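Structure assessment
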Amino acid sequence: MNFIAGTIVRCEEDESLNLDEEITELANEVGWDNVLKEACLTLSSYRVMGLWYGAASIIYYAATDGRKMPIETNQLIARLYWCLDKKENLGHGENGFNLVWSIVTTLKGISYNSSWQPLEDKEIVKIMESFQK
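Residues numbered from 1 in each chain as written. Predicted model: local features only at pLDDT ≥ 70, side-chain atom pairs only at ≥ 80, totals over all residues. Heavy atoms only, no water.

1. So, the pattern of salt bridges
To keep it simple, the criterion reads: Salt bridges are defined by distance alone: a side-chain nitrogen of Lys or Arg within 4 Å of a carboxyl oxygen of Asp or Glu. Going along the chain from the N terminus, every DSSP run of H or I of four or more residues is numbered as a helix, and every run of E of two or more is numbered as a strand. Think of it in three bands: residues with accessible area under 20% of the maximum for their type are buried, residues over 50% are exposed, and the middle band is partly exposed, with areas taken using a 1.4 Å probe on protein chains only.
Here the structure, examined in full by the defined rule, presents two salt bridges. As a salt-bridge pair, Asp 33 and Lys 37 come within 3.1 Å of each other at their nearest N and O atoms. Residue Asp 33 and its partner Lys 37 are both found in helix α3 (residues 32-42); the two are separated by four residues, about one turn of the helix. You can call Asp 33 partly exposed: its relative accessible area is 42%. Between Asp 85 and Lys 86 there is a salt bridge, with the nearest N and O atoms lying 3.6 Å from each other. Exposure remark for Lys 86: the relative accessible area of 30% places this residue in the partly exposed category.

Laid out in structure tokens, this is it:
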């Protein structure tokens, strides 16, 4: 599992590398669908929680490019908020929350200043609760 891990780690260790560019290059080799499936799987595993911010960043890049996600929107939103709950701000200060909210607003097609609260949405909460089982 996790062929995106090496790219995320390299980009975190070498500031001259740009994750968006490196992932685009990888996606050209293995396909965006595979990259996004791997990013979603990464967000599902405690074993690689140190990669959650990078995986969320990959999802953000793809979402802003209008790429189709491999899982249903509310499932992905619930997974992102589950990760925020397990690792505060995905380990990146306020950047983690802002990244997740940017993904959510892009996927939902709502304003960044929207008053919608995912953690008050019954469907999102129900999905998150299913992750606990």
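2. Brief notes about unusual backbone geometry
Phi angles above zero are rare outside glycine, and Asn 89 is one such case at about 55 degrees. Assignment of secondary structure puts Asn 89 in the loop between α5 (73-86) and α6 (93-108). Residue Leu 90 is not a glycine yet carries a positive backbone phi of 55 degrees. Structurally, the position occupied by Leu 90 is in the loop between α5 and α6. Among the residues examined, Leu 90 registers a relative accessible area of 3% and is labelled buried.

3. Things to note about the environment of Gly 91
Mapping Gly 91 onto the fold places it in the loop between α5 and α6. In the structure, Gly 91 is positioned 83 residues away from Ile 8 in sequence and 14 Å away in space, judged by C-alpha atoms.

4. Regarding the packing of α5 against helix α7 (residues 122-131)
Describing two packed helices takes the angle between their axes plus the distance from one axis to the other. Here is the rule we go by: Only the contacting stretch of a helix is used when fitting its axis, a line to C-alpha atoms as for every element, and angles between N-to-C directions run 0 to 180 degrees. When describing relative orientation, an angle under 35 degrees is termed roughly parallel and one over 145 degrees roughly antiparallel, while 65 to 115 degrees is termed roughly perpendicular and anything else oblique. The handedness criterion is simple: a crossing whose near helix is rotated anticlockwise from the far helix by less than a right angle is left-handed, and one whose near helix is rotated clockwise is right-handed. Should any heavy atoms of two residues lie within 4.5 Å, those residues are considered in contact. Put simply, Ala, Val, Leu, Ile, Met, Phe, Trp, Tyr, Cys and Pro go in the nonpolar bin, Asp, Glu, Lys and Arg in the charged bin, and everything else, Gly too, in the polar bin.
Direction vectors running N to C along α5 and α7 enclose 60 degrees, while the axes themselves pass 9 Å from each other. Our classification of the angle between α5 and α7 gives oblique. Handedness of the α5/α7 crossing: right-handed. Packed against α5, whose contacting residues are Asn 74, Gln 75, Ile 77, Ala 78, Arg 79, Tyr 81 and Trp 82, the element α7 presents Glu 123, Ile 124, Ile 127, Met 128 and Phe 131 at the interface. Of the residues contributing to the contact of α5 with α7, the split by class is eight nonpolar, two polar and two charged.

5. Comments concerning the packing of aromatic side chains
Basically, it comes down to this: Each Phe, Tyr or Trp ring, with Trp reduced to its six-membered ring, pairs with another whose centre is within 6.5 Å; inter-plane angles below 30 degrees give stacked pairs, above 60 give edge-to-face pairs, and intermediate values give tilted ones. A positively charged side chain is recorded as over a ring if its NZ (Lys) or CZ (Arg) lies within 6 Å of the ring centre. The angle to the ring normal must also be within 35 degrees.
Enumeration according to the criterion identifies five aromatic pairs in this entry. On the basis of an interplanar angle of 40 degrees and a centroid distance of 6.4 Å, the ring pair of Tyr 46 and Trp 52 is categorised as tilted. Each residue in the set Tyr 46, Trp 52, Trp 82 and Phe 131 is aromatic and connected to the rest through ring pairs, giving one cluster. Above the face of the Trp 82 ring, Arg 79 is positioned so that its terminal group lies 4.7 Å from the ring centre. Residue placement shows Arg 79 over the ring face of Phe 131; its charged tip is 3.6 Å from the ring centre.

6. A short note on the environment of Asp 65
With respect to the helices and strands, Asp 65 occurs in the loop between α4 (52-64) and α5. For the pair Asp 65 and Ser 111, spaced 46 residues apart in sequence, the C-alpha to C-alpha distance is 17 Å.

7. Remarks on the side chain of Ser 102
Here is the rule: Two N or O atoms form a polar contact when they lie within 3.5 Å of each other; inside protein one atom must be a possible hydrogen donor and the other a possible acceptor, and for residues adjacent in sequence the pair counts only when both atoms belong to side chains.
Within the secondary structure, Ser 102 sits in helix α6. Here Asn 98 takes part through its backbone oxygen, which lies 2.9 Å from a polar atom of the side chain of Ser 102. Beyond its immediate chain neighbours, meaning those up to four positions away, Ser 102 contacts Tyr 60 and Tyr 112.

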